[in-house]
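Per-entry structural report
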Amino acid sequence: LGFNAVNLMVANNQETPKIMKVLATCGNLAPDWGFEQYILQKSNYMKDCMANGVPMAPTIFSLKGKRSPEGLLDEIKARGWKSFVMKQSESGFSLGFCKLKVEECEKDSSILTTYFKDYKHISEFVVQEAVDGFTRNWETRCFWYNGEFLYAIAN
């Protein structure tokens, strides 16, 4: 309990593939491996939440092989965003999280270029319009088991 695929993705050492295989095949995980894979890729559950009316900051899913620093900045500007946050889809613990201003990225193209280079191995970046008040109204994760609320964490 308390150790999952996110921990393995962050560690990313020579043991990771072996442990991932054990987790995928052991059959006694909670949540089960299928659900673990569903939540590991943030766009999976975020798109489902959006489709079901859960409020969420305006979001761009920037996929490996289909993204570029210039293209992302153009899309952000086309949406009229002034500032934005970026994070890695398959991560946690605020790894790869950054808050940027469009104006800064226009003046210094190395900001996004460096981010893209440093995290080129990441399959997906989640890019969201920065929402004022986030430090006062934190992201809240709610945990349920068998339809019963267990607890919530704001971080």
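Residues numbered from 1 in each chain as written. Predicted model: local features only at pLDDT ≥ 70, side-chain atom pairs only at ≥ 80, totals over all residues. Heavy atoms only, no water.

**Quick notes on the overall build of the chain**
Across its full length, the chain holds seven helices and six strands. Classification of the 155 residues of the chain by burial places 32% in the buried group. Long-range pairs, those at least 24 residues apart, make up 55% of the contacts in the chain between residues at least 6 apart in sequence. (Helix = DSSP H or I, 4+ residues; strand = E, 2+ residues; numbered from the N terminus. Buried < 20%, exposed > 50% of the residue type's maximum accessible area, 1.4 Å probe, protein only. Contact = heavy atoms within 4.5 Å.)

**With respect to the packing of aromatic side chains**
Here the structure, examined in full by the defined rule, presents four aromatic pairs. Between the aromatic rings of Tyr115 and Tyr119, the centroid separation amounts to 4.7 Å while the plane-to-plane angle is 50°, which identifies the pairing as tilted. Of the residues examined, Tyr115 reaches a relative accessible area of 7% and is grouped as buried. The exposure class assigned to Tyr119 is partly exposed, which follows from its relative accessible area of 22%. The rings of Tyr115, Phe116, Tyr119 and Phe125 are connected pair by pair, giving a single aromatic cluster. Its guanidinium or amino end placed over the ring of Phe116, Arg67 lies 5.9 Å from that ring's centre, counting from NZ or CZ. Seen from the ring of Phe125, Arg67 lies directly overhead, with NZ or CZ sitting 3.7 Å from the centre. (Phe/Tyr/Trp six-rings, centres within 6.5 Å; stacked < 30°, edge-to-face > 60°. Lys NZ or Arg CZ within 6 Å of the ring centre and 35° of its normal.)

**Considerations on the nonpolar core**
Ranked by internal contacts, the top residues of the largest apolar core, which has 17 residues, are Ile76, Phe84, Met86 and Val127. Those elements that place two or more of their residues in this core are helix 5 (69–78), strand 2 (83–88), strand 3 (98–101), helix 6 (102–107), helix 7 (110–118) and strand 4 (124–129). Leaving out residues up to four positions away in the same chain, Val127 has contacts with Pro58, Thr59, Ile60, Ser62, Leu72, Ile76, Trp81, Phe84, Val85 and Met86. (Core = buried A, V, L, I, M, F, W, Y, C linked by side-chain atoms within 4.5 Å.)

**Regarding a nonpolar patch on the surface**
Taken together, Trp144, Tyr145, Phe149, Leu150, Tyr151 and Ile153 make up a surface patch of nonpolar side chains, about 650 Å² in accessible area. Counting only elements with at least two residues in the nonpolar patch, the list comes to strand 5 (140–145) and strand 6 (148–154). With respect to the element layout, Trp144 can be found in strand 5. (Patch = residues over 30% accessible without salt bridge, like charges linked within 9 Å, V, L, I, M, F, W, Y side chains within 5 Å. Areas by Shrake-Rupley, 256 points an atom, 1.4 Å probe, with all protein chains shown as cover. Salt bridge = Lys/Arg side-chain N within 4 Å of Asp/Glu carboxyl O.)

**A look at the packing of helix 3 (residues 33–40) against helix 4 (residues 42–51)**
One way to put it is that helix 3 packs onto helix 4 with a least axis distance of 4 Å and a crossing angle of 80°. Taken as axis vectors, helix 3 and helix 4 run roughly perpendicular relative to one another. On the side of helix 3, the interface is formed by Gln37, Tyr38, Ile39 and Leu40, while helix 4 contributes Lys42, Asn44, Tyr45 and Asp48. Among the residues forming the contact of helix 3 with helix 4, the class breakdown is four nonpolar, two polar and two charged. (Axes fitted to C-alpha atoms, helices over the stretch in contact; angles between N-to-C directions. Parallel < 35°, antiparallel > 145°, perpendicular 65-115°, else oblique. Nonpolar A, V, L, I, M, F, W, Y, C, P; charged D, E, K, R; others polar.)

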